[in-house]
Amino acid sequence: MTAIVRVPPRLRRRRLLAAVVVGGVLVASVLGTLTLGDLGVTPAGALAALVGAGDAGTVLVVQQWRLPRAVLGIVVGALLALSGALFQTVTRNPLGSPDILGFSVGAFTGVLAVTLAGATSVLALTGGAIGGGLAAAVLVFVLCARAGFGGVAVVLTGIGVSAMLAAVNVVLVVRLDDVRARAAAVWATGSLNGVSADGILPAVLSLASGALVIAALARSLHLLEFGDERATSLGVRPTWLRWAAMVIGVALIAVATAVAGPVGFIALAAPQIARRVWLTGTIPFAASAFVGAALLGASDLIASRALAPVMLPTGLVTVCLGGVYLAWLLTSRERTRR
């Protein structure tokens, strides 16, 4: 019989407050996306436009342009965060996220390859992203198999593979025509500018299916954080679980990359923020997705309104925020060692 873990009232209140704050950020970012722009819309007007009420121009702007961006901001942020949570759990390293390990760059390589071949559909881009990301992941895991998947070995290997693939991406962009090359250069930073409703269904389906599989594997994944020997003694098969988590994580990051480009640092920061805010010993998957959705939604709102009417790529904001977070993470780890 499984023991019931009682959460102390103080910790329960802390987690409730965290959920309220993160939820508030998420709601505010969605409302900002729906209401702010060249055509200012009140919150009441935006809600009315969502159900088709109001003048035709407002309904068009809110439903066709702003709503897909708001929805994809939530879904892509959750996809990135779940992928980061998986890889940080598998590698037992807070730096073991797909953007640091090179999987995001590999997914972008796959997208560029199918674009160069002439494919433009969401399905083709997603397939290329999954293929490229999975190839990068296999390369990293094979190269560091002897050294192990914990510690700095996997991170350093991933950084090397990422640098190599970045060079390959430059070559692929150069081979594109001028129009597609300029679009690829902007998209390479990661952006929700110009996203359409076509990407919502595959992104939502990927998030739902990935969340179900992760929920089924969550207990075993958390045991893996305590080391392979202890996990094995408790009935977990670490090798099988690690490769299963890798495939799921690559699929999630690939879909996000196919929709919005390689948005950086959400996958790195969201799981660790969730673990610290929710005060859990292991990385909480649901909370990570929640934080990732709020982070990307808020970052996209900043990117779209900071220099209005110029709309910056969302990835520029996430990289700036992520750079500060990464510097803090590295310095805090150094202080802990001392």
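Here the structure is a predicted model, which means the values were calculated and not measured. (Residues numbered from 1 in each chain as written. Predicted model: local features only at pLDDT ≥ 70, side-chain atom pairs only at ≥ 80, totals over all residues. Heavy atoms only, no water.)

Turning next to unusual backbone geometry. The phi angle at F265 is positive, at roughly 75 degrees, despite the residue not being glycine. Following the sequence through the fold, F265 ends up in the loop between α11 (238-260) and α12 (266-278). Positive phi is not limited to glycine here, since L279 has a value of about 55 degrees. Within the element layout of this structure, L279 appears in the loop between α12 and α13 (285-305). (Helix = DSSP H or I, 4+ residues; strand = E, 2+ residues; numbered from the N terminus.)

Moving on, we get to empty space enclosed by the protein. In total, this model carries 1 cavity of 30 Å³ or more according to the counting rule given. For the largest cavity, the calculated volume is near 60 Å³. Every element with two or more residues in the lining of the largest cavity is listed here: α1 (9-35), α3 (56-91) and α13. In the lining of the largest cavity, the residues fall into 4 nonpolar, 4 polar and 2 charged. (1 Å grid on protein atoms, 1.4 Å probe; cavity = no way out; pocket = protein on both sides within 12 Å on 5 of 7 lines; lining within 4 Å. Points joined across faces, edges and corners; volume = space filled by probe spheres on them. Nonpolar A, V, L, I, M, F, W, Y, C, P; charged D, E, K, R; others polar.)

With that out of the way, let us pick up the confidence of the model for the protein chain. Should the pLDDT be low somewhere, the predicted coordinates at that spot are not to be read in detail. Per-chain confidence: the protein chain averages 86 in pLDDT, with 94% of residues scoring 70 or above. Confidence, read as mean pLDDT per element, is least for helix α14 (residues 314-337) in the protein chain (74) and greatest for α13 (94). (pLDDT = per-residue confidence, 0-100.)

Here we come to the packing of aromatic side chains. When we look at a pair of aromatic rings, we describe it by the centre distance and by the angle of the planes. Per the counting criterion, the structure on display carries 3 aromatic pairs. A ring pair is formed by F141 and W243, whose centres lie 6.0 Å apart and whose planes are at 50 degrees; its orientation type is tilted. Of this pair, F141 sits in helix α6 (residues 122-143) while W243 is found in helix α11, placing the two residues 102 residues apart along the sequence. Judged by its relative accessible area of 1%, F141 is buried. Relative accessible area serves as the criterion here: at 33%, W243 is assigned to the partly exposed category. Pairwise contacts between aromatic rings join F87, F103, F141 and W243 into one cluster. Just above the ring of W240 sits the side chain of R237; from NZ or CZ to the centre is 5.6 Å. (Phe/Tyr/Trp six-rings, centres within 6.5 Å; stacked < 30°, edge-to-face > 60°. Buried < 20%, exposed > 50% of the residue type's maximum accessible area, 1.4 Å probe, protein only. Lys NZ or Arg CZ within 6 Å of the ring centre and 35° of its normal.)

Here the focus is the packing of helix α5 (residues 103-116) against helix α8 (residues 178-187). Put simply, α5 and α8 touch, their axes get as near as 12 Å, and they point 165 degrees apart. Put simply, α5 runs roughly antiparallel to α8. When you trace α5 past α8, the crossing you get is right-handed. Contacts between α5 and α8 involve F108, V111, L112, T115 and L116 on the former and, on the latter, R180, A184 and W187. Grouping the constituent residues of the contact of α5 with α8 by class yields 6 nonpolar, 1 polar and 1 charged. (Axes fitted to C-alpha atoms, helices over the stretch in contact; angles between N-to-C directions. Parallel < 35°, antiparallel > 145°, perpendicular 65-115°, else oblique. Left-handed = near helix turned anticlockwise from the far one by under 90°. Contact = heavy atoms within 4.5 Å.)

Counted at 1.5 Å a residue, the expected span for α13 with its 21 residues is 30 Å, and the 30 Å between its end C-alpha atoms agrees. The buried fraction of α13 amounts to 15 of the 21 residues, a majority that puts the element mostly inside the structure. (Expected span 1.5 Å × (residues − 1).)

A word on the layout of surface pockets. Of the voids in this model, the largest pocket is the one considered here, and its volume is about 580 Å³. Taken together, 24 residues line the largest pocket, and the ones lying closest to its centre are T120, L125, W187, A258 and V259. Those elements giving two or more residues to the lining of the largest pocket turn out to be α5, α6, α8 and α11. Here the element with the most residues in the lining of the largest pocket is α8; it accounts for 5 residues. Taken together, the residues of the lining of the largest pocket sort by class into 14 nonpolar, 8 polar and 2 charged. As for the second largest pocket, its lining consists of 20 residues, and the residues nearest its centre are L36, W65, R66, R69 and M311. A per-element tally of the lining of the second largest pocket places α3 first, with 5 residues.

Attention shifts here to a nonpolar patch on the surface. Where nonpolar side chains cluster on the molecular surface, the patch consists of V27, L31, L47, L50 and V51 and spans about 440 Å² of accessible area. For the nonpolar patch, the elements supplying multiple residues, two or more each, are α1 and α2 (43-50). Structurally, L47 is set in helix α2. (Patch = residues over 30% accessible without salt bridge, like charges linked within 9 Å, V, L, I, M, F, W, Y side chains within 5 Å. Areas by Shrake-Rupley, 256 points an atom, 1.4 Å probe, with all protein chains shown as cover. Salt bridge = Lys/Arg side-chain N within 4 Å of Asp/Glu carboxyl O.)

Close approach of charged atoms allows side chains of opposite charge to pair. If you walk through the whole model with that rule in mind, you get 2 salt bridges. One salt bridge connects D300 with R69, and the closest N-O pair in it is separated by 2.7 Å. A residue pair is termed long-range when its members are at least 10 positions apart, and D300 in helix α13 and R69 in helix α3 qualify at 231 residues. Measuring nitrogen to oxygen at the nearest pair gives 2.7 Å for the salt bridge that ties R180 to D177. Taking relative accessible area as the criterion, R180 reaches 31% and is therefore assigned partly exposed. The class of D177 is partly exposed, set by a relative accessible area of 35%.

Okay, the packing of α6 against helix α7 (residues 153-175) next. Their axes nearest at 9 Å, the elements α6 and α7 cross at an angle of 140 degrees. One way to sum up the angle between α6 and α7 is to call them oblique. For the pair α6 and α7, the crossing hand works out as right-handed. Touching A136, L139, V140 and L143 of α6 are V154, T157, G158, V161, M164 and L165, all from α7. Class assignment for the residues of the contact of α6 with α7 results in 8 nonpolar, 2 polar and no charged.

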